[in-house]
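Spelled out, the chains give:
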Amino acid sequence: MSTPHVIGIGNAIVDVIARADDHFLEHMGIEKSIMQLVERERAELLYAAMSERTETPGGSVANTIAGIGKLGLQASFVGKVKGDGLGRGYAEGMEADGIAFPNPPVADAALPTSRCMIFVSPDGERSMNTYLGAGADLGAADVPEQPFAEGGFVFLEGYLFDKDEGKTAFRRAAELMHDAGGKAGITLSDPFCTERHRGDFKALIANEMDVTIGNEAEWTTLYETDLDTALTEAAKVCRTVVCTRSGNPVVIITDGTRIEVPVERVVPVDATGAGDQFAAGFLYGYVTGKDPETCGKMGVAAAAEVIGHIGPRPEIDMMDRFRELGLI
């Protein structure tokens, strides 16, 4: 059996991470625990205000794909960066992590490489301020056919819905994957994202997606109702529906059957990447044929690892951790 190929498509963002207390957040006008879009001038102001910065290739689905790659699967990330210092560093960083990055940096891109200033509070919550630079201009023409030729699984990032180009890229990627006999999934990314593009998200989930992953706020915002009703509605049109709920059990509905996977409540060092690495663990199980409960446990284990340190990507061999837990 060949190694499954998982392709991510999303905004290629350089993550810039620094610690900050609630007083600093209030002083700078930063809303805690959510992702806010900022203009270029605001991005430069926040960047300058950060101390002891950590910079790393990021973006929600890019982090998921990096986690999947470290689990031993063939992994690629389709994203767009400018041929500036940050963009070249991004491409080199992904490839250094063993992730194929098929789109070379664009020298004449109109905007600089995307970046996200992430402020981590003492309670581990992260407040993200994202400048949608070159990465947000990803469109259907930027989706190469070659990575999809052998099928596998494509995972899409809801954040890209903030521009019409991203919607065309999503539909192109899903079409290529399904034509090759593979499957497609999406992360809802953020409640503000689902609110802004409710109709488009619902249509994509119903018509193109085999797997949809979101947290409680994202699901209830998307369907404008309570969580159980939202998940029931989604499960009518999408074969596998997943809801993470911070310290509460993860809900998974597959072919109409609902299960809950418990999580261990801990105070995170840095919650950045928790959802991204949950998706990495879950999708590893999914594409390798594990049952839904095992997929959920893999996701929970991957999320637990990443919140124990600064940064959105795992620092240990998660395959060893899965073996310790008896998951493989």
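These figures come from a predicted structure and were not determined experimentally. (Residues numbered from 1 in each chain as written. Predicted model: local features only at pLDDT ≥ 70, side-chain atom pairs only at ≥ 80, totals over all residues. Heavy atoms only, no water.)

Points about the overall build of the protein
Applied cut-off: Counting from the N terminus, the helices are DSSP H or I runs at least four residues long and the strands are E runs at least two residues long. Atoms considered for the radius of gyration are the C-alpha atoms alone. The globule rule reads 2.2 Å times the number of residues to the power 0.38. Each residue gets one of three labels from its accessible area relative to the maximum for its type: buried under 20%, exposed over 50%, partly exposed in between, using a 1.4 Å probe on protein chains only. Contacts: residue pairs with any heavy atoms within 4.5 Å of one another. Working definition of accessibility: Shrake-Rupley area with a 1.4 Å probe, residue cover restricted to the visible protein chains. None of His or the chain ends enter the tally, which takes Lys and Arg as positive and Asp and Glu as negative. For charged residues, the charge sits on one atom: NZ in Lys, CZ in Arg, CG in Asp, CD in Glu.
Scanning the protein from N- to C-terminus turns up 12 helices and 13 strands. Computed over its C-alpha atoms, the radius of gyration of the protein comes to 18 Å, within 12% of the 20 Å expected for a compact globule of 328 residues. Structurally, the protein occupies a C-alpha span of about 50 × 40 × 40 Å along its principal axes. For the protein, the residues scored as buried account for 57% of the 328 residues in total. Considering only contacts within the protein whose residues lie at least 6 apart along the sequence, 72% involve residues at least 24 apart. Total accessible area on the protein stands at roughly 13,400 Å², and carbon and sulfur atoms take up 48% of it. Distance between charge centroids for the protein: 1 Å, based on 29 positive and 50 negative side chains.

Topic: the sheet that holds strand β3 (residues 35-37)
Pairing between the strands of a sheet comes from backbone hydrogen bonds, and it takes one of two forms, parallel or antiparallel. Quick note on the threshold: Strands pair, by our definition, only if DSSP identifies at least two bridges between them. To get an axis, fit a line to the C-alpha atoms, keeping to the stretch in contact for a helix; angles then go from 0 to 180 degrees between the N-to-C directions.
Strand order in the open sheet formed by 5 strands is β3-β7-β6-β2-β4, and the pairing between neighbours is mixed. With one partner strand each, in any of the chains shown, β3 and β4 (54-58) form the two edges of the open sheet. When the angles between neighbouring strand axes are averaged without regard to direction, this sheet yields 25°. Bridge analysis of strand β6 (residues 114-120) against strand β7 (residues 126-131) gives 6 bridges, and the strand direction is antiparallel. Paired with C116 across the bridge in β7 is T130. On the sheet, helix α2 (residues 40-49) packs against β2 (13-19), β4, β6 and β7 and is oriented at approximately 45° with respect to β6.

Remarks on helix α7 (residues 198-207)
Quick reminder of the rule: It is the directions from the helix axis to the C-beta atoms whose arc is reported.
Here α7 has its buried residues at R198, F201, L204 and I205. End-on, the buried residues of α7 take up no more than an arc of 135°, which puts them together on one face. Tucked inside the fold, the buried residues of α7 contact β8 (153-157), α5 (164-179), β9 (183-187), α6 (191-196), β10 (211-215) and α8 (216-223).

Quick look at the UniProt feature "domain: Carbohydrate kinase PfkB" (unreviewed entry) in the protein
The cut-off we apply is this: UniProt positions are given in the numbering used here, feature names are shortened, and annotations may be inferred rather than shown by experiment.
Mapped onto this structure's residue numbering, the UniProt feature "domain: Carbohydrate kinase PfkB" (unreviewed entry) falls at residues 49-313. Helix and strand shares over residues 49-313 are 38% and 21% respectively, and the end C-alpha atoms of the span are 24 Å apart.

Regarding the nonpolar core
Applicable threshold: Only buried residues count toward a nonpolar core, which is a set of Ala, Val, Leu, Ile, Met, Phe, Trp, Tyr and Cys residues joined through side-chain atoms within 4.5 Å.
Within the largest apolar cluster, 56 residues are counted, with the highest numbers of intra-cluster contacts made by F77, Y90, I213, F282 and F322. In this structure, Y90 is in contact with A12, I13, V14, P57, G58, A62, F77, V81 and F101, ignoring residues within four places of it in sequence.

Re the packing of α8 against helix α9 (residues 227-235)
Stated precisely, the cut-off is as follows: Roughly parallel covers angles under 35 degrees, roughly antiparallel covers those over 145, roughly perpendicular covers 65 to 115, and oblique covers all other angles. Residues are grouped as follows: Ala, Val, Leu, Ile, Met, Phe, Trp, Tyr, Cys and Pro are nonpolar; Asp, Glu, Lys and Arg are charged; every other residue, Gly included, is polar.
The contact between α8 and α9 brings their axes to 9 Å, and the two run at 75°. Compared by their axis directions, α8 and α9 come out roughly perpendicular. Within the contact between the two elements, α8 uses E216, W219, T220 and Y223 and α9 uses L227, A230, L231, E233 and A234. Residues belonging to the contact of α8 with α9 are distributed by class as follows: 6 nonpolar, 1 polar and 2 charged.

Comments concerning the packing of aromatic side chains
What counts here: Two aromatic rings from Phe, Tyr or Trp, using only the six-membered ring of Trp, form a pair when their centres are within 6.5 Å; if the ring planes differ by under 30 degrees the pair is stacked, by over 60 it is edge-to-face, and anything between is tilted.
Per the counting criterion, the structure on display carries 9 aromatic pairs. Their ring planes at 40° and their centres at 5.4 Å tell us that F24 and F119 sit as a pair that is tilted. Of the two residues, F24 sits in helix α1 (residues 22-27) while F119 sits in strand β6, which places them 95 residues apart along the sequence. Under the relative-accessibility criterion, F24 is labelled partly exposed at 21%. Residue class for F119 comes out buried when judged on its relative accessible area of 1%. Each residue in the set F77, Y90 and F101 is aromatic and connected to the rest through ring pairs, giving one cluster.

Notes on the pairing of β8
Keep this limit in mind: Throughout, right-handed denotes a crossover for which the path from the first strand over the helix to the second runs clockwise when the strands point away from the viewer.
Counting buried positions along β8 gives 5 out of 5 residues, so the element sits mostly inside the fold. Burial along β8 is two-sided: F153, F155 and E157 facing one way and V154 and L156 facing the other are all buried. As paired elements, strand β1 (residues 5-9) and β8 share 4 bridges and run parallel to each other. Bridged to I7 within β8 is V154. Looking at chain direction, β8 and β9 are connected through 5 bridges and run parallel. Among the inter-strand pairings, V154 is bridged to a residue of β9, identified as A184. Handedness of the crossover joining β8 and β9 through α5: right-handed.

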